[in-house]
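Results of the structural survey
Letter by letter, the chains look like this.
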Amino acid sequence: MASSDLETKAKEAFLDDHFELAVDLYSQAITLNPNCAELFVDRAQANIKLGNFTGEKTSLVFRDNQLELLSTYAVADANKAIELDPSMAKAYLRKGMACIKLEEYQTAKTALETGAPLAPADSRFNKLIKECDERIAEEDEELHAQLVDKAPPQVVTPNIVPLTNTLPSQGTTLSYTKLKYRHEFYQKPEEVVVTIFAKGIPSNSIVVDFGEQILSVSIEVPGEEPYHFQPRLFGKIVPTKSRYDIMSTKIEIRLAKADATHWTSLEFSKDAVVSQKANVSSANSKPTYPSSKPKRVDWDKLEAQVKKEEKEEKLDGDAALNKFFRDIYKDANEDTRRAMSKSFVESNGTVLSTNWKEVGSKKVQGSPPDGMELKKWKN
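Residues numbered from 1 in each chain as written. Predicted model: local features only at pLDDT ≥ 70, side-chain atom pairs only at ≥ 80, totals over all residues. Heavy atoms only, no water.

Taking an unreviewed UniProt entry as the reference, the protein is identified by name as Suppressor of G2 allele of SKP1 belonging to Penstemon davidsonii. Quoted verbatim from the Sequence similarities (unreviewed entry) field of the UniProt record, the comment on the protein reads "Belongs to the SGT1 family." (UniProt positions renumbered as here; feature names shortened; annotations may be inferred.)

See the structure below:
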């Protein structure tokens, strides 16, 4: 089947809220046409609907009697679309939306500001940029408050002490110094991802080292004050499995956890030791994104409420049938999903099989309803 036919099927699946099927179909289309930016930006939209923002999300695609493992998540898809077509406004919009979900507000703002001039009539850009500005301002206020809280108390010096001894020491002065580069972190059961927002830094000016419970980052640019970030980490890591990537706007550091402990903070503190062994995440849980900001809306609760209402809603006709098939696909294993995807695509939407043994080794022929004629897709 041609890439354009797969794209059409993927769009239909997306409109029917079959987002996982849409991702699989877009992946097959990308395999046939890997230089089409439109396919990547549309797959990014489907991944955003599924909550696949970043990480190691993959999908299985059956082709030429072999299974291919394709990397697929929203931020990577948006970046690829931008690489293929830097003038595509939708690509910057998708990246901005995904990064906001990840609380990477500066990265999101940069993408949105780049894409806004490409689509001046799209009001979503300005709305999302404003949201980023508000969140960045909140983070700056929190950082300032944290620095003030950690500052040593003022000590009143008796008059008998010589004047030279009342001057603050170098250590006292540094405790009030604002961090040069902002950093954030989020986590999965197996790793912690630290992002340092340092823009335009040459790779030879950056040194990153890993210890058993230490992260050391040094940035030394000629003519500028050196930056050193060396926290004692909340938990132990595996240095040999940890890595980092230097990008144009940031340094992304992936710390491999020594165990599946849930980190309540990035840095170690005595108060957090008791809770360190609590709240162990399961292997299939989604990434968590810690934040001290007040929550305006409990989106998880709202989403659960909507899903409950959808589940209890009584549907008729095609709507009920679509929901039935969607529930089957969502709860199915990999073989069943591949069978549904292959039979649906090869039969032009007239057959939907869940038996991989039956359809895996042969092409599925179309089976139109009684009184109707099956027509081939025209390119």
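Next comes the rest of the write-up.
**A short note on the packing of aromatic side chains**
With the rule as written, the count across this model stands at 3 aromatic pairs. A centroid spacing of 5.0 Å and a plane angle of 75° characterise the contact between Tyr 181 and Tyr 227, whose relative ring orientation is edge-to-face. Of this pair, Tyr 181 sits in the loop between α8 (170–174) and β3 (183–187) while Tyr 227 sits in strand β7 (residues 227–229); the two residues are 46 residues apart in sequence, bridging distant segments of the chain. Judged by its relative accessible area of 10%, Tyr 181 falls in the buried class. Stacked on the ring of Phe 197, the Lys or Arg Arg 182 has its end atom at 4.3 Å from the ring centre. (Phe/Tyr/Trp six-rings, centres within 6.5 Å; stacked < 30°, edge-to-face > 60°. Helix = DSSP H or I, 4+ residues; strand = E, 2+ residues; numbered from the N terminus. Buried < 20%, exposed > 50% of the residue type's maximum accessible area, 1.4 Å probe, protein only. Lys NZ or Arg CZ within 6 Å of the ring centre and 35° of its normal.)

**With respect to the side chain of Ser 205**
Note that Ser 205 resides in the loop between β4 (191–196) and β5 (206–210). Side chain to side chain, Ser 205 and Asn 204 meet in a polar contact 3.5 Å long. When sequence neighbours within four positions are dropped, the list of residues in contact with Ser 205 reads Ser 218, Ile 219, Glu 220 and Val 221. (Polar contact = N/O pair within 3.5 Å; in protein donor to acceptor, adjacent residues only side chain to side chain. Contact = heavy atoms within 4.5 Å.)

**Concerning the environment of Phe 325**
Position of Phe 325 among the secondary structure elements: in helix α10 (residues 317–331). Residue classification places Phe 325 among the partly exposed positions, given a relative accessible area of 28%. Measuring from C-alpha to C-alpha, the distance between Phe 325 and His 18 comes to 9.1 Å, with 307 residues separating the pair along the chain. Not counting the four nearest positions on each side in its chain, Phe 325 is found in contact with Met 340 and Leu 352.

**Regarding the packing of helix α5 (residues 89–101) against helix α6 (residues 105–115)**
Packing of α5 against α6 leaves a shortest axis separation of 8 Å and a crossing angle of 165°. Judged by the angle between their axes, α5 and α6 are roughly antiparallel. Regarding α5 and α6, the two cross each other, and that crossing is left-handed. Residue-level inspection shows Ala 89, Tyr 92, Leu 93, Lys 95, Gly 96, Cys 99 and Ile 100 of α5 in contact with α6, the latter providing Tyr 105, Thr 107, Ala 108, Ala 111, Leu 112, Thr 114 and Gly 115. In the contact of α5 with α6, the residues fall into 9 nonpolar, 4 polar and 1 charged. (Axes fitted to C-alpha atoms, helices over the stretch in contact; angles between N-to-C directions. Parallel < 35°, antiparallel > 145°, perpendicular 65-115°, else oblique. Left-handed = near helix turned anticlockwise from the far one by under 90°. Nonpolar A, V, L, I, M, F, W, Y, C, P; charged D, E, K, R; others polar.)

**Some remarks on the environment of Arg 94**
Tracing the chain through its elements places Arg 94 in helix α5. For Arg 94, a relative accessible area of 8% corresponds to the buried category. When the C-alpha positions of Arg 94 and Ala 81 are compared, they lie 9.9 Å apart, and in sequence the two are 13 residues distant.

**Quick look at the pattern of salt bridges**
Taken as a whole and judged by the stated rule, the model has 18 salt bridges. The partner of Asp 77 in a salt bridge is Arg 43, and the shortest N-O contact between them spans 2.8 Å. In this pair, Asp 77 sits in helix α4 (residues 74–84) while Arg 43 sits in helix α3 (residues 37–50), placing the two residues 34 residues apart along the sequence. Residue class for Asp 77 comes out buried when judged on its relative accessible area of 3%. Overall, Arg 43 belongs to the buried group, its relative accessible area being 3%. (Salt bridge = Lys/Arg side-chain N within 4 Å of Asp/Glu carboxyl O.)

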